[in-house]
Amino acid sequence: MKRHRDTVFRLARNHLGNEADALDVTQESFVAAFLGLHRFDQARSFRAWILRIAINKCHDIARRRAVRRFLAFALPLGDGLEVPDTAPGPEAALASAHAVEHIHAALAALPNSLKEPLLLCAFEGLAQDEAAAVLGISRKAVETRIYRARQKLSHLLEG
């Protein structure tokens, strides 16, 4: 856990754009790995295995968010007036924090098929072959998806 927790956390934070959810995913990933340790194929990389678990946990959270967003629209409009505004005041926000938030939001807006290869290779330092093994796709698919992710990110960050 000590060896891989930072990597799992970074992947989850960049995938979800939220540190609290990333902490949950990190914890859930290691619990799931411990419970499924008997299924781990020692011929494979543990790092690749735990990162695949983390990606699956990120997908779970994204699905739960989608359900919550859907259900939130079912509430009466008047109930929305009672929701507190949790945005930080202008004096609490720093320019660099806004830039980081903008980048995290742009990363989170990418489709998973583009986001995951980019995070694994660019942020976690995996080789494209390793990322391909984690994602169950070809090395060429990883290369193409990273290229497309970078193009899409540049458009998102310009706007």
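Up top you'll find the structure we're talking about.
Remember, it's a predicted structure, so these values are computed and weren't measured experimentally.

### Focus on the pattern of salt bridges
All told, the structure shown has 5 salt bridges when counted by the stated rule. D129 is paired through a salt bridge with R139; the nearest N and O atoms lie 3.4 Å apart. Residue D129 is found in helix α6 (residues 128–135), and its partner R139 is found in helix α7 (residues 139–158); the two are separated by 10 residues along the sequence. For D129, a relative accessible area of 48% corresponds to the partly exposed category. Here R139 falls in the partly exposed class, since its relative accessible area comes to 41%. Here E143 makes a salt bridge to K140, at a shortest N to O gap of 3.6 Å. Of this pair, E143 and K140 both sit in helix α7, 3 residues apart, roughly one helical turn.

### Focus on the packing of helix α5 (residues 112–123) against α6
The geometry of a pair of packed helices is captured by two quantities: the angle between their axes and the separation between those axes. One can describe the packing of α5 onto α6 by two numbers: an axis separation of 9 Å at closest approach and a directional angle of 135°. When the axes of α5 and α6 are compared, the pair comes out oblique. The chirality of how α5 crosses α6 is right-handed. On the side of α5, the interface is formed by E116, P117, L120 and C121, while α6 contributes Q128, A131, V134 and L135.

### A few points about α6
The complete set of buried residues in α6 reads A131, A132, V134 and L135. In a view along the axis of α6, the buried residues occupy a sector of 160°, so they form one face of it. The positive-phi residue at the C-terminal boundary of α6 is G136, with phi of around 70°.

### Things to note about helix α1 (residues 5–16)
Since the α-helix advances by 3.6 residues per turn, residues separated by three or four positions end up pointing in the same direction. Taking 1.5 Å as the rise per residue, α1 with 12 residues should run 16 Å; its terminal C-alpha atoms sit 16 Å apart, in good agreement. Listed in full, the buried residues belonging to α1 are T7, V8, F9, L11, A12, R13, N14, H15 and L16. G17 sits one or two positions beyond α1 and adopts a positive phi of about 75°.

### Brief notes about the environment of A99
Among the secondary structure elements, A99 is positioned in helix α4 (residues 95–109). For A99 and L157, which are 58 residues apart along the polypeptide, the C-alpha to C-alpha distance reads 9.6 Å.

Criteria and thresholds
Residues numbered from 1 in each chain as written. Predicted model: local features only at pLDDT ≥ 70, side-chain atom pairs only at ≥ 80, totals over all residues. Heavy atoms only, no water. Salt bridge = Lys/Arg side-chain N within 4 Å of Asp/Glu carboxyl O. Helix = DSSP H or I, 4+ residues; strand = E, 2+ residues; numbered from the N terminus. Buried < 20%, exposed > 50% of the residue type's maximum accessible area, 1.4 Å probe, protein only. Axes fitted to C-alpha atoms, helices over the stretch in contact; angles between N-to-C directions. Parallel < 35°, antiparallel > 145°, perpendicular 65-115°, else oblique. Left-handed = near helix turned anticlockwise from the far one by under 90°. Contact = heavy atoms within 4.5 Å. Arc of directions from axis to C-beta. Expected span 1.5 Å × (residues − 1).

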